[in-house]
Amino acid sequence: MATAQRVAVVTGAAQGIGRRVVEALRAEGYAVVVFDRQEVDAPDGGLAVAGDVSAQADVAALAEQVRDRFGRVDVLVNNAGISFIVPAEDTEPEQWRRVLDVNLTGPFLLCREFGRAMLAAGSGSIVNIASVAGLSGVADRAAYNASKHGLIGLTRTLAVEWGGRGVRVNAVCPGWVKTEMDAADQAGGSYTDADIIDHVPSARFATPDDIAQAVAFLADPTRSGFINGVALPVDGGWTADGSWQS
Ligand code: NAD
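A short tour of the structure in this document, coming up. Just so we're clear, the structure is a prediction, and the values are computed from it rather than from any experiment. (Residues numbered from 1 in each chain as written. Predicted model: local features only at pLDDT ≥ 70, side-chain atom pairs only at ≥ 80, totals over all residues.)

Counting residues in hydrophobic clusters, the biggest one holds 70 residues, and the most contacted among them are Ala-8, Val-10, Leu-25, Val-172 and Val-215. Each residue touching Val-215, except ones within four places of it in the same chain, is listed here: Val-21, Ala-24, Val-77, Val-127 and Val-172. (Core = buried A, V, L, I, M, F, W, Y, C linked by C-beta atoms within 7 Å. Buried ≥ 20, exposed ≤ 12 C-beta atoms within 10 Å, placed from the backbone. Contact = placed C-beta atoms within 7 Å.)

Right, let's get into helix H2 (residues 56–70). Its 15 residues place the ends of H2 21 Å apart at the C-alpha level, agreeing with the 21 Å of an ideal helix rising 1.5 Å per residue. Residues Val-59, Leu-62, Ala-63 and Val-66 constitute the buried set of H2. For H2, the angular spread of buried residues about the axis comes to 95 degrees, placing them on one side. Opposite the buried face of H2, by more than 90 degrees, sit the exposed residues Ala-57, Glu-64 and Asp-68. The inward-facing, buried residues of H2 contact strand E1 (7–11), strand E2 (31–36), strand E3 (47–50) and helix H3 (93–121). Of the residues one or two after H2, Gly-71 is the one with positive phi, at around 70 degrees. (Helix = DSSP H or I, 4+ residues; strand = E, 2+ residues; numbered from the N terminus. Expected span 1.5 Å × (residues − 1). Arc of directions from axis to C-beta.)

It is worth spelling out unusual backbone geometry at this point. Positive phi outside glycine occurs at Asp-140, with the angle close to 70 degrees. Structurally, Asp-140 is set in the loop between strand E5 (124–129) and helix H4 (142–162). Positive phi, close to 55 degrees, is recorded for Ala-203, a residue that is not glycine. Inspection of the secondary structure puts Ala-203 in the loop between helix H6 (193–199) and helix H7 (208–219).

On to the pairing of strand E6 (residues 167–174), then. The buried fraction of E6 is high, at eight of eight residues. Of the two faces of E6, the one carrying Val-167, Val-169, Ala-171 and Cys-173 and the one carrying Arg-168, Asn-170, Val-172 and Pro-174 are both buried. The β-α-β motif built from E5, the intervening H4 and the parallel element E6 has right-handed crossover chirality. Where E6 meets strand E7 (residues 231–234), four bridges bridge the pair, whose relative direction is parallel. Residue pairing in the sheet places Cys-173 in a bridge with Pro-233 of E7. (Right-handed = clockwise from strand over helix to strand, strands pointing away. Pairing = 2+ DSSP bridges.)

A few words on the packing of helix H1 (residues 16–27) against H7. Viewed as axis vectors pointing N to C, H1 and H7 meet at an angle of 50 degrees, and their least axial separation amounts to 8 Å. The angle between H1 and H7 places the two elements in the oblique class. Crossing of H1 over H7 shows right-handed handedness. Of H7, the residues touching H1 (which contributes Gly-16, Ile-17, Arg-20, Val-21, Ala-24 and Leu-25) are Pro-208, Asp-209, Ile-211, Ala-212, Gln-213, Val-215, Ala-216 and Ala-219. By residue class, the composition of the contact of H1 with H7 is ten nonpolar, two polar and two charged. (Axes fitted to C-alpha atoms, helices over the stretch in contact; angles between N-to-C directions. Parallel < 35°, antiparallel > 145°, perpendicular 65-115°, else oblique. Left-handed = near helix turned anticlockwise from the far one by under 90°. Nonpolar A, V, L, I, M, F, W, Y, C, P; charged D, E, K, R; others polar.)

We now examine the site of the ligand. Among the 28 residues in the neighbourhood of the ligand, the closest are listed as Gly-12, Gly-16, Gly-81, Thr-179 and Met-181. At the level of elements, H1 and helix H5 (180–187) are the ones that each hand at least two residues to the shell around the ligand. Each residue belonging to the shell around the ligand can be placed in one class, and the counts come to eleven nonpolar, twelve polar and five charged. (Near = placed C-beta within 6 Å.)

This part is about the environment of Met-118. Relative to the elements of secondary structure, Met-118 occurs in helix H3. In this structure Met-118 comes out as buried when scored by C-beta crowding, with 24 C-beta atoms within 10 Å. C-alpha separation for the pair Met-118 and Trp-162, spaced 44 residues apart in sequence, amounts to 9.5 Å.

Purely geometric stuff here, so don't read any function into it on its own.
Put into structure tokens, the structure is as follows:
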């Protein structure tokens, strides 16, 4: 028998944006399932499963555990992602494949697995964490940009295929957020804090909570029930301005 509580699955929940998304969804009353390649404590009333989003067997095992424990899934947040800062001409095919595997094939596998359950139930909301790098070119991120453009394409396609069957699929496109991903990217030397702040009309980095609140909004059918297939920038106006490369 399915639990009466709404259930949300969040990938990449051990740190950064994903960790804050878990807190925001818990505050809204969801039982939250966290899935990460790192060990994470289970949230109160939820579940923690370790695995790799790009491994089909890990994703299938996750879905089985969610089915056994809760018997339902209302929300899926595809947040796990990796990034490399490297000029396109120096990108190794193995790096390219790994970024595409984690950032695009992983969300596809999770959408397929949990989308089937949502379609069977006739309702559900999927939120894919893309990036402003999925909406425009940003130098030295060929694989990352391609993966995030692809994720927005997947989002739109699933929104069209599944919208009539009660399942909404949207993307959130964060601007720059001070997480370990940003620290690692900055260590590569291709940009500084000032470069970001100078080009963001709101003149600051995004916080993990800026992103988490947008996710919680898109997850919730009472607040966003007619929003389907969008790629929502949460970037302080960066994409509206577009002068990053100048
Ligand atoms: P982060 O590196 O701090 O956290 C990423 C999390 O994903 C980690 O917990 C990591 O263990 C997990 N993860 C990575 N690969 C995995 C895999 N194969 N299987 C399971 N888990 C895996 O990153 P973040 O900054 O919190 O980024 C979260 C998402 O937001 C990513 O998709 C990223 O591309 C996107 N994003 C981040 C920024 C930014 O400025 N930080 C901007 C735009 C978009």
